[in-house]
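In case you want the letters, here they are:
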Amino acid sequence: MKETNISPGMSESPTAETDWVTLLHDSARSGGQKPQAVPAPVRARWQARSAGPVRSSPILRDGILYVAAIPGIVHAFNVETGRAKWTFQAPGQIHSTPSLSGNRIFFGCDNGKVYAVERDSGLPAWEASTQGEVWTSPVIRNGLVFFGSADGHVYAVELDTGKERWKQTLDGRVYSSAYAAEKAIYVGSGNGSIYALDSASGKIIWTTPTGNGIDSSPALSGNTLLIGSEDFFFYALDVSNGAVKWKYETGLGIMSSPAVFGDLVVVGGKDGYLYAWEIPTGELRWKVRAGQVITSPPVIGESVVYIQSGGVVALDNVSGKIVWEAWVGSSVQSAPVISGKSIYIASNDGEVYALE
Amino acid sequence: MDRRTFVKRTCLGSAGLLLGGVSDLAADGVVLPTPPPIDVHEPSDSKPSPLRMPGLYPGRVIELLDSRSIVNNRVSQPVISVMLERGIKELTGETSSAAAWAKFVTPADIVGIKINPSGAPACCSSPEIIKEIIKGLESAGVPTRNIVVFDRYAYEMDIGSYQTHLPPGIGVVGIQESKLDASGYDPNVYCQASFFGEWETRSYLASLVTQRLSKIINVPTMKDHSAAGVTGCLKKLGYGTFNNVARSHQSPYSFTEPLIGVMCSVEPLRSKAVLNIMDGTRQVWHGGPLTQAPQFIYPAGLLLVGTDPVAMDTIELQAIEKKRQQEGAPSVWARDPKSITTDGREFYHDSTKNLFYRQPGHIAAAGKLGLGVSDLKQIEHRQIALG
């Protein structure tokens with residue numbers, strides 16, 4: 001299978017092979033797994049306790065794993081030792097998956113703010129305000145940071161200062177993290193619509209309604225935008241005009257965000273199944289029950305898909321057969337980080353594991 | 001007790017409160033343990049509200065049936081809108097929806113909508129109903145910022161996607177982030193009893209209830225419950241606002257009777273819970289409250305509206321019993337030692353199995369505490385078929 005370059009010109013991509021700079025590795029939600037699959041873990045190299053439950057996903061750069069715990073604390077763990085380099089206490093809870101850009105880490109907070117923190121020291125750089133909690137993962141592109149808020153708006157602020165460039169109302173709470181392309185960003189809203197917004201101005205380019213609210217965060221493959229809806233359908237849209245290319249009905253709503261690799265897109269459903277489709281045709285390649293309820297996004301590579309659904313389950317890309325399972329921690333809603341031969345996961349009981 | 005009242009609730013024996021369950025008990029020969037006394041610690045300065053349970057309309061239950069309310073497992077917003085408006089008007093006798101809602105709330109209230117996300121995503125309080133309740137509250141002048149949707153476990157609410165579905169400005173609060181998180185509870189309001197020798201014998205009431213909210217709209221689902229028999233208005237309200245409640249069950253026994261009723265009688269919870277809207281669009285007739293098995297979830301297309309939680313749960317119990325009978329499952333009153341299993345997988349796949357001897361008598365026990373009417377002959381059950 002060829003690896004499609006689905007995000008030409010992305011400003012935020014990993015600088016080292018082991019980096020994992022935002023939700024699902026990079027802003028393209030590609031998953032980031034390299035051709036070699038990680039073998040079944042046999043031990044926890046270390047286990048660390050965070051400040052409380054973790055429902056966002058960890059990120060990694062230069063040997064530091066950043067984990068945002070719900071009580072409002074961001075931990076910077078040394079991946080070799082599991083020891084904390086620093087912690088940052090936010091004034092509210094954190095559900096947002098952080099993103100990295102340059103020397104800063106960006107994340108949303110339930111107090112309605114987005115924070116930029118120096119990743120070497122944990123000291124705050126700037127903050128940007130909204131009127132609702134920010135659970136979305138900030139996405140960085142071309143000097144701007146894009147994020148949605150529960151106040152019903154999507155915001156663009158300057159990367160260096162946090163100064164607001166524009167905001168656009170979407171008539172519904174925004175829990176879907178935006179996908180940022182060169183000239184447009186794509187995002188779902190609690191009102192059930194998928195939007196394309198002009199990156200420079202925030203103006204709405206097109207809108208496509210679905211039958212219920214949207215939690216899922218979109219991914220882009222070529223000219224196809226991929227996203228799930230609470231209306232039980234998974235959608236593939238023409239990115240130029242929002243027209244539905246194909247859609248597929250699952251058993252319940254879709255909260256999980258899709259990951260793409262080549263012509264394959266994988267997403268989890270609240271019905272407990274993991275689905276894999278051929279992107280050009282919408283043909284179902286496989287469908288496998290991987291848990292009772294799947295809300296976390298899968299991580300995808302050339303040969304293996306990983307999903308957290310109470311533990312980590314690894315499935316063969318081609319057949320969907322389960323390759324291995326590692327049942328650690330309590331129910332998990334965040335996505336794993338795969339780096340080298342290690343798997344890093346954070347759990348709802350506040351434990352952080354380095355498995356290998 | 002320092003400005004607190006220490007009340008020992010009279011603990012009513014199980015057998016004396018059962019509705020028709022006594023002979024079953026005798027026939028089965030199962031002897032249930034006697035419940036221990038439950039001490040209640042509540043604020044001495046709590047003033048009982050005239051709206052307190054059983055509320056403005058004791059014994060009245062409005063049942064609305066519309067099969068179009070749930071199609072292909074999807075709840076219809078427009079149909080729910082019509083059902084709820086009709087139900088609230090029928091309950092109150094008002095001709096306008098706004099006037100009906102104004103019977104229960106004022107613009108100065110901080111209103112909590114108590115949802116039931118346990119069992120999400122297969123069966124939980126439908127966001128479509130919550131949205132219509134919000135519209136109703138707003139029509140009575142309650143500001144959006146004064147409305148809070150809440151339940152006990154934040155992670156269950158996440159799975160139900162309530163945050164996404166609700167309009168901007170509505171608060172969404174999970175009292176606990178994890179199983180052992182007690183930070184959201186009021187140390188001065190609790191029920192205390194030792195059921196099975198547990199190390200923590202207190203269950204505390206949520207601070208959100210004691211300190212922030214002035215009114216509660218309770219939105220339970222209609223479900224079988226492996227310990228309580230059924231879970232409806234009473235169980236969802238009591239066990240969803242107090243912590244440390246799982247300790248009341250230990251296979252095969254459960255003290256949900258009398259604990260559920262005692263909890264619901266605690267002030268200020270009793271005074272603040274002014275209205276119940278039971279989501280019966282889906283009914284769980286076995287495996288409750290957490291089952292995800294579609295074979296046990298029935299698209300009943302019902303809403304129940306009332307202020308009397310005991311009367312509503314009595315109607316719910318009747319409905320669940322009827323469905324179980326149709327499906328060939330044992331009565332929730334049955335106490336057969338052969339039915340008891342400690343294997344959760346077996347329970348979740350076999351409707352003849354159960355984890356505990358169920359305690360549907362908790363409803364009548366709550367009635368004895370003054371929370372409502374459990375005698376079917378005294379319940380004014382109005383059934384309205386809309387489609």
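Everything below is about the structure shown above.
Read on for a plain summary of the structure.

What counts and what doesn't
- Residues numbered from 1 in each chain as written.
- Chains lettered and ligands numbered in written order.
- Predicted model: local features only at pLDDT ≥ 70, side-chain atom pairs only at ≥ 80, totals over all residues.
- Heavy atoms only, no water.
- Helix = DSSP H or I, 4+ residues; strand = E, 2+ residues; numbered from the N terminus.
- Rg over C-alpha atoms; globule rule 2.2 N^0.38 Å.
- Buried < 20%, exposed > 50% of the residue type's maximum accessible area, 1.4 Å probe, protein only.
- Areas by Shrake-Rupley, 256 points an atom, 1.4 Å probe, with all protein chains shown as cover.
- Contact = heavy atoms within 4.5 Å.
- Buried area = accessible area lost by both parts, 1.4 Å probe.
- Salt bridge = Lys/Arg side-chain N within 4 Å of Asp/Glu carboxyl O.
- Polar contact = N/O pair within 3.5 Å; in protein donor to acceptor, adjacent residues only side chain to side chain.
- Pairing = 2+ DSSP bridges.
- Axes fitted to C-alpha atoms, helices over the stretch in contact; angles between N-to-C directions.
- Core = buried A, V, L, I, M, F, W, Y, C linked by side-chain atoms within 4.5 Å.
- Disulfide = S-S within 2.5 Å.
- Parallel < 35°, antiparallel > 145°, perpendicular 65-115°, else oblique.
- Nonpolar A, V, L, I, M, F, W, Y, C, P; charged D, E, K, R; others polar.
- Phe/Tyr/Trp six-rings, centres within 6.5 Å; stacked < 30°, edge-to-face > 60°.
- Lys NZ or Arg CZ within 6 Å of the ring centre and 35° of its normal.

**Quick notes on the overall build of chain A**
Step number 1: The secondary structure content of chain A amounts to zero helices and 32 strands.
Step number 2: A compact globule built from 356 residues would reach a C-alpha radius of gyration of about 21 Å, and chain A, at 18 Å, matches this within 12%.
Step number 3: Each of the 356 residues in chain A was classed as buried or not, and the buried ones make up 67%.
Step number 4: In the structure as shown, chain A presents an accessible area of about 11,700 Å², 48% of it carried by carbon and sulfur atoms.

**A few points about the interface of chain B and chain A**
Step number 1: Contacts between chain B and chain A engage 25 residues on the former and 31 residues on the latter.
Step number 2: Carbon and sulfur atoms supply 50% of the area that chain B and chain A bury against each other, a total of about 2,000 Å² over both sides.
Step number 3: Its largest share of buried area at the contact with chain A, chain B owes to R74, T164 and E177 of chain B, together 31% of the area lost on that side.
Step number 4: The tally of links between chain B and chain A comes to three salt bridges.
Step number 5: D158 of chain B is paired through a salt bridge with R55 of chain A; the nearest N and O atoms lie 2.4 Å apart.
Step number 6: Here chain B and chain A share 15 residue pairs in polar contact (both at pLDDT 80 or more) between them.

**Regarding the environment of D120 of chain A**
Residues and elements named next belong to chain A.
Step number 1: Mapped onto the elements, D120 comes out in the loop between β8 (113-118) and β9 (124-129).
Step number 2: Separated by 44 residues in sequence, D120 and A76 place their C-alpha atoms 9.0 Å apart.
Step number 3: Leave out the neighbours within four places in its chain, and D120 touches K85, W86 and N103.

**What to know about the sheet that holds strand β27 (residues 304-308) of chain A**
All names here are of chain A.
Step number 1: With respect to topology, four strands assemble into an open sheet ordered β26-β27-β28-β29, the strand pairing being antiparallel. On the outer flanks of this sheet lie β26 (299-300) and β29 (322-326), each paired with one strand and no other.
Step number 2: Judged from the four bridges that link them, strand β28 (residues 312-316) and β29 form a sheet pairing that is antiparallel. For L315, the partnering residue across the bridge sits in β29 and is I322.

**Considerations on the sheet that holds β9 of chain A**
Residues and elements named next belong to chain A.
Step number 1: Strand order in the open sheet formed by four strands is β6-β7-β8-β9, with antiparallel pairing between adjacent strands. Looking at which strands have only one partner, the edges of the open sheet turn out to be β6 (99-101) and β9. Between one strand and the next, the sheet's axes are offset by a mean angle of 20°, whatever the strand orientation.
Step number 2: Examined bridge by bridge, strand β7 (residues 104-108) and β8 share five bridges and lie antiparallel to one another. Residue pairing for β8: I105 is matched across the bridge by V117.

**Notes on the environment of I294 of chain A**
Residue and element names in this part refer to chain A.
Step number 1: Residue position: I294 is located in the loop between β25 (284-289) and β26.
Step number 2: A residue is classified by how much of its surface remains accessible, and I294, at 0% relative accessible area, is buried.
Step number 3: For the pair formed by I294 and G272, sequence separation is 22 residues and the distance between their alpha carbons is 5.2 Å.
Step number 4: Other than its neighbours up to four places away in sequence, I294 contacts S256, G268, G269, K270, G272, Y273, L274, I307 and S309.

**Examining the nonpolar core**
Step number 1: If you look at the biggest cluster of nonpolar residues, it comprises 46 residues, and the most contacted ones within it are W46, L65, V266, L274, Y306 and Y344 of chain A.
Step number 2: V293 of chain A together with I80, M83 and L91 of chain B belong to the second largest nonpolar core, which has 45 residues in total.

**Considering the state of the cysteines**
Residues and elements named next belong to chain B.
Step number 1: Tallied over the full model, the rule gives zero disulfides over all chains.
Step number 2: The thiol of C123 is unpaired, and the distance to the nearest cysteine sulfur, on C124, comes to 6.9 Å.
Step number 3: In this structure C123 comes out as buried when scored by relative accessible area, which is 1%.
Step number 4: Judged by relative accessible area, C124 falls into the buried class, the value being 8%.

**Here's the deal with the packing of helix α8 (residues 233-241) of chain B against helix α11 (residues 309-326) of chain B**
Geometry of a packed helix pair, given as the angle between the helix axes and the separation of the axes.
Residues and elements named next belong to chain B.
Step number 1: Relative to each other, α8 and α11 sit at 120°, their axes nearing to 7 Å. Classified by the angle their axes make, α8 and α11 are oblique. Packed against α8, whose contacting residues are C233, L234 and K235, the element α11 presents P309, V310, M312 and D313 at the interface.
Step number 2: Among the residues making up the contact of α8 with α11, the classes are represented as five nonpolar, no polar and two charged.

**A look at unusual backbone geometry**
Step number 1: Note the cis peptide between M53 of chain B and P54 of chain B, where omega equals 15°.
Step number 2: Of note, P54 of chain B is situated in the loop between β2 (38-43) and β3 (60-65).
Step number 3: Between A120 of chain B and P121 of chain B the backbone carries a cis peptide bond, its omega angle lying at 5°.
Step number 4: Turning to its location among the elements, P121 of chain B is positioned in the loop between β6 (111-114) and α4 (127-139).
Step number 5: Phi is positive for D62 of chain A, which is not a glycine, with a value near 50°.

**As for the packing of aromatic side chains**
Step number 1: The tally for this structure, following the rule as stated, stands at 28 aromatic pairs over all chains.
Step number 2: Consider the rings of F196 of chain B and F255 of chain B, whose centres lie 5.3 Å apart with planes at 40°: the pair is tilted. Here F255 of chain B lies in the loop between β15 (253-254) and α9 (256-264) and F196 of chain B lies in the loop between β9 (185-192) and β10 (202-206), a separation of 59 residues in the sequence.
Step number 3: Of the residues examined, F255 of chain B reaches a relative accessible area of 3% and is grouped as buried.
Step number 4: Taken together through their ring pairs, the aromatic side chains of F234, W246, Y248, Y273, Y275 and W277 of chain A make up a single cluster.
Step number 5: The lysine or arginine in question, K287 of chain A, covers the ring of Y273 of chain A, its NZ or CZ lying 4.6 Å from the ring centre.

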